[in-house]
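# Chains, contacts and geometry: an overview
Residue-level listing of the chains:
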Amino acid sequence: MNTIIKSSSSNIALVKYWGKHGTQLPMNPSISMTLKNAITTTSIRWKELEKSNEQKVSLLFEGKNNHDFEKRLALFIDHITEYIPVLKNLKLDVESSNSFPHSSGIASSASAMSAFALSLIELEKQETGKISGFKDELQKASFIARLGSGSAARSIYNGYSVWGKTDAYKGSSDEYALAINSEVHEVFKNYHDAILIVSSQAKKVGSSLGHSLMNNHPFAAERFKQAENNIVQLKDILKNGEQHDYTKVVESEALSLHAMMMTSNPSFILMEPNTLNIISKVQVFREETGIPLCFTLDAGANVHILYPEDNKESIVKWIKSELVIYCSDGKWIDDEIKI
Ligand code: PMV
């Protein structure tokens, strides 16, 4: 049996993807920063199928059988065989594990699908000697990752990437992400992300249901316009190194994402009282110190605090003395950009 092992990490969106159509195509472009420490490692062992009715995929997740994930993986592989035809006659034994606890409230689909896509593309290369249909391996990996989980398309690249077609970035596409580091100022290349775990519970709203809430949403058209506009603004901000303007766009994006959820039908309030306690502390701390830190949120209660490395010492001290009381079991994750 041949074996491949690949790792990939999570990412945090600065301009959020919320709403999709067709086959995992985004309703608006998004920009994210890839993280370093929240990693999924995937190994694939493969061989030729012996019988046509043989089970094609087996999965061990965190060392254990997981039939639910295994079924989803088998469906996913059926779906992408069109793009990686060599998979048709192979039997895959997949193992996947995360560097962070499954119950930490950290979304693992981006790192998991991106690590899996990178492994499949390497498999295609080893089996056929080439990668068909795309500019390069990473672009194809991003395309395949997107079909598994939209935000995973961005995790293929280190640093900053954009996913979704926008006039702001030449070469951007709805089908795969594009690295944009050459258009990012040095001050943004050492950013940290302190992930404050307000809740370790599994997500209240699954990804597919969440995105579908934007279909027929009364504010959908305005939201998609706002996101496009924020991409244009953030592009300039990232290029010119304007850290205080960055805080405004990033925080507005996080609150808009949650505003969409609160005003959808059915509606969801995913923030918890401690989410708001942390947000107001962040705003006061920024006001008092002048440090350009800011918060952002995913589709959950946890708060990401983004800040430049130069301020790490004072920010970590402040988190430990004033914010861990709002975290579930005092838990927070010290992460940073992977570049
Ligand atoms: O990749 P998905 O389908 O799990 O969607 C991710 C959506 C957000 O995390 C809320 C925003 C984003 O752009 O990552």
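Keep in mind that this is a model prediction, so the values were computed, not measured. (Residues numbered from 1 in each chain as written. Predicted model: local features only at pLDDT ≥ 70, side-chain atom pairs only at ≥ 80, totals over all residues. Heavy atoms only, no water.)

## Section: the pairing of strand 10 (residues 191–196)
Regular strands place their side chains on alternate faces of the sheet. Strand 10 sits mainly inside the fold: six of its six residues count as buried. Residue alternation in strand 10 divides its side chains into two sets, Tyr191, Asp193 and Ile195 and His192, Ala194 and Leu196, and both sets are buried. Here six bridges tie strand 10 to strand 12 (residues 303–308), and the two strands are oriented antiparallel to one another. Its bridge partner lying in strand 12, Asp193 is registered against Leu306. (Buried < 20%, exposed > 50% of the residue type's maximum accessible area, 1.4 Å probe, protein only. Helix = DSSP H or I, 4+ residues; strand = E, 2+ residues; numbered from the N terminus. Pairing = 2+ DSSP bridges.)

## Details of the site of the ligand
Taken together, 14 residues form the shell around the ligand, and within it Tyr17, Ser151, Arg154, Ser207 and His211 come nearest. One of the side-chain N or O atoms of Ser149 is found 3.1 Å from an oxygen atom in the ligand. For the ligand, the protein covers 93% of the area, taking 380 Å² as the surface of the free molecule. Among the residues forming the shell around the ligand, the class breakdown is five nonpolar, six polar and three charged. (Near = heavy atom within 4 Å. Polar contact = N/O pair within 3.5 Å; in protein donor to acceptor, adjacent residues only side chain to side chain. Areas by Shrake-Rupley, 256 points an atom, 1.4 Å probe, with all protein chains shown as cover. Nonpolar A, V, L, I, M, F, W, Y, C, P; charged D, E, K, R; others polar.)

## Quick look at the pattern of salt bridges
The tally for this structure, following the rule as stated, stands at 16 salt bridges. Its salt-bridge partner being Asp93, residue Arg45 comes within 3.7 Å of it at the nearest N-O pair. Of this pair, Arg45 sits in strand 4 (residues 30–48) while Asp93 sits in strand 7 (residues 90–98), and the two are 48 residues apart along the sequence. Of the charged contacts, one joins Lys47 and Glu50 as a salt bridge, the two residues approaching to 3.7 Å between their closest N and O atoms. Given a relative accessible area of 30%, Lys47 falls into the partly exposed group. Among the ionic contacts, a cluster of salt bridges with common partners joins Arg45, Lys91 and Asp93. (Salt bridge = Lys/Arg side-chain N within 4 Å of Asp/Glu carboxyl O.)

## Description of the sheet that holds strand 12
If you walk across this open sheet you meet the four strands as 11-12-10-13, and the pairing is antiparallel. Sheet topology places strand 11 (294–297) and strand 13 (332–336) at the edges, where each strand pairs with a single neighbour. Put simply, the sheet's adjacent strands are angled 25° from each other on average, direction ignored. Here strand 10 pairs with strand 13 via five bridges, running antiparallel. Paired with Ala194 across the bridge in strand 13 is Asp334. Of the strands in this sheet, strand 10, strand 11 and strand 12 touch helix 8 (residues 273–289), which is tilted by about 155° from strand 11. Across the sheet, helix 9 (residues 312–323) lies against strand 10, strand 12 and strand 13, angled at about 155° from strand 12, the strand it touches most. (Axes fitted to C-alpha atoms, helices over the stretch in contact; angles between N-to-C directions. Contact = heavy atoms within 4.5 Å.)

## Points about the environment of Asn158
In this structure, Asn158 sits in the loop between helix 4 (152–155) and strand 8 (160–163). On the basis of relative accessibility, which here comes to 32%, the residue Asn158 falls in the partly exposed class. Placed 23 residues apart in sequence, Asn158 and Lys135 show a C-alpha to C-alpha distance of 18 Å. In this structure Asn158 touches Thr34, Asn181, Lys338 and Ile339, once residues within four positions along its chain are discounted.

No statement about biological role is implied by the geometric values presented.
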